[in-house]
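# Descriptive structure summary
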Amino acid sequence: MIPEEIVNEIRQRADIVEVIGEFVRLEKAGQNYKGLCPFHKEKTPSFIVNPAKQIFHCYGCGTGGNVFTFLMKHEQYSFPETLHVLARRFGVRLPEKSDDISTQQLQQTERLYQLHLEAGAFFAEQLRSRPEAKIAREYLRKRGIDEEAQQRFGFGYALPGWDALRRKFIQKYGEELLLESGLVIKRKSEEGDDARQMAVGSYDRFRDRLMIPIHDERGRIIAFGGRILGDGQPKYMNSPENPIFHKSKTLFGFHHVKDAVRRAGTIVLVEGYFDMIVPFAHGVPNIAATMGTALTDQHLRTLQRYAQKVTLIFDPDPAGVNAMMKALDLFLTYGFEVRAGILPTGDDPDTFVRKSGVAEFQRIVEHAPLLLDFIRDRIIERYDTSRLDQQIACVNQLVPIIAKIQNEVEWRAQIAKTADVLHITDAALLAELRKITRTATIQPREEVKTATTIPIIEQYVVTALLKDKRLISKAQAHIQPDELSHPLTRRVLKALFVYGDKSDFEAKMLDMFQGSQFQGELSRLFMRSEEVVDPEVTLQDCITKLHQQRFEQATLDLTRKTQDAQERKDRFDLDFLLEQKNQDLLRKKQQLMRKPT
Ligand SMILES: [Zn+2]
């Protein structure tokens, strides 16, 4: 357990705008920052970060909390993991001995990063100094990758033996971690190969290969790609997935270009290491590559924070076109403007840039047609649209694609273009689109407005006090927390009475609700307090209304008891209750007349 003072210190030092800004593209909006919510799909920002209160809230999906909540939800860290990560980053010293499981896990993760960092340096050193690496150096030179680019990408070389890397790191990191990283492979016992016998238990995965480090968004090495230097197979070999490397999240080279991508708002996506490296080394500033997998939601969520426009460079063969059709679906759902850059047959970005130059490559990128237009034309090519049955089949294939377009203007334009090419009327196409909308092939937008169950008066009590904390003592004189019916507002009011004057009240309060269903409600209340125009008047109104409610409730109770006594024919009780009722009414009346000050 980490002591509360240290938790507080970490929370106070870890600036929420800085931390979230690393994952979400934030723009200043008045006192707040605003961006696209990373927790649900959206095209207009409803995700708000408040630097004064150090909290965030999404009005779209209702997710909210403090800096810890964000990392726990976004990175799936546990609470202790979050504390460790932020403590290290913001220079807060943690108590020496903390031996819970998540700490061990975290240390394991940190050791994996460290191992990859050192392995990268080790491979790079072999490339520079070893005579065996001459062929690798030659290879890079032939590809036109100069010294500067070599340094930048951190190229390396894995020696031909079976255990160069293993021997180097086994003492420091232990076999288990080396195996987990995938840099070494467990030797199967039946393998009798003499060379493999030399390496006890395990051997190097990468041997006699040009090594290409793979980084995460923050520039840490998380895996390696190895290219064979002769004619062997496979040509490329990657690290397997490990706790820090996930193909579906990774874009090769992205950490080199992310600032340029953010500035330009656009990115060029290619498919292989050298298809990224060669154009980049020749001056294309905003290019990255997928890791030999299809584009995923994870990729697009990352990209969404940096760019609105994407140009895909791909092979226009049937397999490539099919892959692009799948990608198109995804891009449309996220509202990207996506274009299709087509290279001459037989070329990839690597060969094309070396042969025709970077200016020509950029020209293709700039003049790339919308992927939607490109796909539509490819689909139409497959049909003989002079025949009615084929025309219908073609429309049936196009309509679901058009239905996914999020942008109204683009949607209209696409209908007009498509109808034109197919020689049908816009109205006919619209009718087909309406059918598909009715049969709900279109996914309903994900945005869900969370309804709150907190009574409105109680919301106002809390927000008014949060807006002007000088009113707390006045509230204390007139309202008891137990008078509030909702458990959340009750807790907040109690806390306000105890430590409401603390400047980090909101962020601290949110810690008491980590992982609770109420956390989003709470962050919403905290954000809402900004909207209270006149907190004093608001509080006054609330006090009056709460007193009225209390009075009505008391009257109701008495009436019920009186009826009860009547039924039991309990004369004594009845007299007593009626007397009490009279007195009560009088007192409440006086109270209501005399306005509280
Ligand atoms: Zn959201």
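None of these values were measured; they are calculated from a predicted model.

Taken together, five strands build an open sheet; the order of strands is β12-β14-β13-β15-β16 and the sheet is mixed. Either end of the sheet is taken by a strand with one partner, and the two such strands are β12 (251-252) and β16 (337-342). Where strand β13 (residues 266-270) lies against strand β15 (residues 309-314), four bridges are found, and the strand directions are parallel. Within β15, the position partnered with Ile267 by the bridge is Val310. With respect to the sheet, helix α11 (residues 273-281) is in contact with β12, β13 and β14 (287-290), its orientation differing from that of β14 by roughly 175°. Set on the sheet, helix α13 (residues 318-334) makes contact with β13, β15 and β16; between it and β15 the angle comes to about 165°.

Around the zinc ion, the protein contributes the donor atoms Cys37 (SG), His40 (ND1), Cys58 (SG) and Cys61 (SG), which lie 2.1 to 2.3 Å from the metal centre. Coordination geometry of the zinc ion: the four donor atoms subtend angles of 102 to 119° at the metal centre, consistent with an arrangement described as tetrahedral. Here the donor residues of the zinc ion share one chain and are spaced in sequence as C-x2-H-x17-C-x2-C. With His40 in the loop between β2 (32-35) and β3 (47-50) and Cys58 in strand β4 (residues 55-58), this residue pair connects regions lying 18 residues apart in the sequence. The same class applies to His40 as to Cys58, namely buried.

Residue position: Phe336 is located in the loop between α13 and β16. Here the alpha-carbon distance between Phe336 and Val268, two residues 68 residues apart in the chain, equals 13 Å. Once residues lying within four places of it in the same chain are set aside, the contact partners of Phe336 are Leu300, Leu303, Gln304, Ala307, Gln308, Lys309, Val310 and Phe331.

Okay, the packing of helix α16 (residues 371-381) against helix α17 (residues 388-403) next. Relative to each other, α16 and α17 sit at 165°, their axes nearing to 10 Å. Between α16 and α17, the angle is such that the two are roughly antiparallel. As α16 packs across α17, the resulting crossing turns out to be right-handed. Facing Leu372, Ile375, Arg376, Ile379 and Ile380 of α16, the residues of α17 in contact are Cys394, Gln397, Leu398 and Ile401. Its residues placed into classes, the contact of α16 with α17 shows seven nonpolar, one polar and one charged.

It is a probe the size of a water molecule, rolled over the atoms, that shows where empty space is left. When its volume is computed, the largest pocket comes out at roughly 1,400 Å³. Lining the largest pocket are 46 residues, with Phe23, Glu75, Tyr77, Arg220 and Lys249 positioned closest to its centre. Among the elements of the structure, α3 (67-74), α4 (79-89), α5 (101-129), α10 (254-264) and α12 (297-304) are those that each provide at least two residues to the lining of the largest pocket.

What follows deals with the packing of aromatic side chains. Throughout the structure, instances matching the rule amount to 23 aromatic pairs. Between Tyr236 and Tyr273, the ring centres sit 5.6 Å apart and the planes meet at 50°, which makes this aromatic pair tilted. Within this pair, whereas Tyr236 is found in strand β11 (residues 236-238), its partner Tyr273 is found in helix α11, the two being separated by 37 residues in sequence. For Tyr236, a relative accessible area of 31% corresponds to the partly exposed category. In this structure an aromatic cluster arises from ring pairing among Tyr139, Phe153, Phe155, Tyr236, Phe252, Tyr273, Phe274 and Phe280.

Under the criterion given, the structure shown has 33 salt bridges. Between Arg130 and Glu132 there is a salt bridge, with its nearest N and O atoms 3.6 Å apart. We classify Glu132 as partly exposed; its relative accessible area is 35%. A salt bridge links Arg470 to Asp468; the nearest nitrogen and oxygen atoms lie 3.0 Å apart. Take Arg470: its relative accessible area is 72%, and that puts it in the exposed class. Several salt bridges converge on common partners, so that one network encompasses Glu18, Glu22, Arg89 and Arg218.

Quick look at the domain arrangement of the chain now. When the domains of the chain are assigned, the result is domain 1 (4-98), domain 2 (103-245), domain 3 (249-376), domain 4 (383-438) and domain 5 (456-593). Its C-alpha centre places domain 3 at a distance of 27 Å from the equivalent point of domain 4. Each side of the interface is counted separately: domain 3 has 11 residues, and domain 4 has 11 residues. Applying the counting rule to domain 3 against domain 4 returns two salt bridges. Note that Asp373 and Lys417 form a salt bridge whose closest N and O atoms lie 2.8 Å from each other. Of the residues belonging to the side of domain 3 that touches domain 4, the class tally is six nonpolar, two polar and three charged.

Thresholds, definitions, all that
- Residues take numbers from 1 onward in each chain, read along the sequence in its written order.
- Predicted model: local features are reported for residues with pLDDT of at least 70 only, side-chain atom pairs are reported and counted for 80 or more only, and whole-chain, interface and lining totals are derived from all residues.
- By convention in this description, side-chain values take in all heavy atoms of the structure and omit both hydrogens and water.
- In short, DSSP must find at least two bridges between two strands for them to pair.
- The secondary structure listing takes helices from DSSP runs of H or I that are at least 4 residues long and strands from runs of E that are at least 2 residues long, numbered from the N terminus.
- Working rule for contacts: check all heavy atoms of both residues, and any pair within 4.5 Å makes them a contact.
- Orientation is described by lines fitted to C-alpha atoms, with helices fitted over the stretch in contact, and by angles between N-to-C directions that extend from 0 to 180 degrees.
- Each metal site is built from N, O and S donor atoms within 2.8 Å (3.2 Å for Na, K and Ca), and since water is not included, such sites may look incomplete.
- Here the metal geometry follows the donor angles, with tetrahedral for four donors whose angles all fall between 85 and 135 degrees, square planar for four and octahedral for six when opposite donors are more than 155 degrees apart and every other angle is between 65 and 115, and irregular for all the rest.
- Throughout, exposure labels follow a simple rule: accessible area from a 1.4 Å probe, protein chains only, divided by the maximum for the residue type, with under 20% read as buried, over 50% as exposed, and the rest as partly exposed.
- Angle categories: roughly parallel below 35 degrees, roughly antiparallel above 145, roughly perpendicular from 65 to 115, and oblique for all the rest.
- Crossings are classed by handedness, with left-handed meaning an anticlockwise turn of the near helix from the far one by less than a right angle and right-handed meaning a clockwise turn.
- Polar here means any residue outside two lists: the nonpolar Ala, Val, Leu, Ile, Met, Phe, Trp, Tyr, Cys and Pro, and the charged Asp, Glu, Lys and Arg; Gly therefore counts as polar.
- We place a 1 Å grid over just the protein atoms. Points where a 1.4 Å probe fits but has no way out form a cavity, open points with protein on both sides within 12 Å along at least 5 of 7 lines form a pocket, and any residue with an atom within 4 Å of a point lines it.
- Grid points are joined across faces, edges and corners, and a volume is the space filled by probe spheres set on the points.
- Aromatic pairing here means that ring centres of Phe, Tyr or Trp (its six-membered ring) are within 6.5 Å. Orientation follows from the plane angle: under 30 degrees is stacked, over 60 is edge-to-face, and everything else is tilted.
- We define a salt bridge as a contact between a side-chain nitrogen of Lys or Arg and a carboxyl oxygen of Asp or Glu at a distance within 4 Å.
- An automatic or database domain assignment supplies the start and end points of every domain.

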